Amino acid sequence: MLKPANRQASLGVVLMDPGDDTAEAWRHTVAADEPRLRVHYADTARYLVEERLDGPEVSVEALVHEGVVGFLNVTAKQVLPGPYPVELGHTVPAPEDGPGGAAREALAHATAELVAAVGFSTGVLHAEWVLSDGRPHLIECAGRLPGDHIPDLVDLAYGGEGLLAGLLALLSGDGPRPPRPAAQGAAIRFLPTPTAPGAVVRSVSGVTDAEALDGVQRVAVALREGTGIGPVTNSWQRAGHVLATGTTPPGGGPHGGARRRGRAFRPGRTGR
């Protein structure tokens, strides 16, 4: 696997199979940039070549007080198949009958080991893992709130104090934030663009219907009439998202119908 060491949103990340064109993969990785999101200053380009691990991906969000993990959530993930592992969905908490839920105890133990290994004291920790060979393997971690609306999902699923409020409480010296069970399930599904390279969007429909479905909290569609359609190789190229809640977090995420009905894009060829 190739990836830049100082980018976000899966920019430049390439999963490779035997026989793949390494030169083409390298060109994709080194060309990754965020000119509108990064300060323009001299920076040393750094890249990683990592062993590829196959298995379900999850993340752990933890509130840590003086080196001890308190509140801990496991988020199940859906990833775009193929060479560009763009995240297409998150479910909070990870369903008990799925890989993330079944590995919760192992992930909690691995998170405690990670906290001790890096000397993490107090704050919020977001770590991403691959479940392979029967155990969690660390992909990356950061002492910050997660992205992709995961804090919103945690707030909706657990109720009461969320990740941001818990972090502020920790930083103000208000003691540890204890574990607590989720009250419901919450999920977000990101909308990949239709497979129609070289086409443009002629219409977008179904958004209002999706917003009216029971449990749907938010629908956002980034595509507009006339938008060009290309391959999705990073998170900035996703077409929108649907965020919903349900009484339980089933494996497919709550309200799959909202996802389908909100993704009615009608592409057409340029010039038609």
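None of the values given here were measured: they were computed from a predicted structure. (Residues numbered from 1 in each chain as written. Predicted model: local features only at pLDDT ≥ 70, side-chain atom pairs only at ≥ 80, totals over all residues. Heavy atoms only, no water.)

Quick question: what am I supposed to make of the confidence of the model for the protein chain here?
Do not read the fine detail of predicted coordinates wherever pLDDT is low. Summarising the model, the protein chain shows a mean pLDDT of 84, and 85% of its residues fall at 70 or more. Between residues 249-272, whose pLDDT stays under 50, and residues either more than four places distant or in other chains, the model counts 70 contacts. (pLDDT = per-residue confidence, 0-100. Contact = heavy atoms within 4.5 Å.)

Can you walk me through unusual backbone geometry in this structure?
With the exception of glycine, most residues fall at negative phi, and the peptide bonds are largely trans. For the bond from V92 to P93, the omega torsion is -15 degrees, close enough to zero to count as cis. Within the fold, P93 resides in the loop between β5 (87-92) and α2 (99-102). Of note in the backbone geometry, E66 takes a positive phi value of approximately 50 degrees without being a glycine. Tracing the sequence through the fold places E66 in the loop between β3 (57-65) and β4 (68-79). A positive phi angle, close to 55 degrees, is found at D148, a residue other than glycine. With respect to the element layout, D148 can be found in the loop between β7 (135-142) and α4 (150-158). (Helix = DSSP H or I, 4+ residues; strand = E, 2+ residues; numbered from the N terminus.)

Looking at this structure, how should I read the pattern of salt bridges?
A side chain of one charge can pair with a side chain of the opposite charge if their charged atoms are brought near each other. Enumeration according to the criterion identifies nine salt bridges in this entry. As a salt-bridge pair, D54 and R52 come within 3.4 Å of each other at their nearest N and O atoms. One salt bridge in this structure joins K77 and E87, with 3.7 Å as the shortest N-O distance. Taken as a pair, K77 in strand β4 and E87 in strand β5 lie far apart in primary sequence, ten residues in all. Assigned by exposure class, K77 and E87 land together as buried. (Salt bridge = Lys/Arg side-chain N within 4 Å of Asp/Glu carboxyl O. Buried < 20%, exposed > 50% of the residue type's maximum accessible area, 1.4 Å probe, protein only.)

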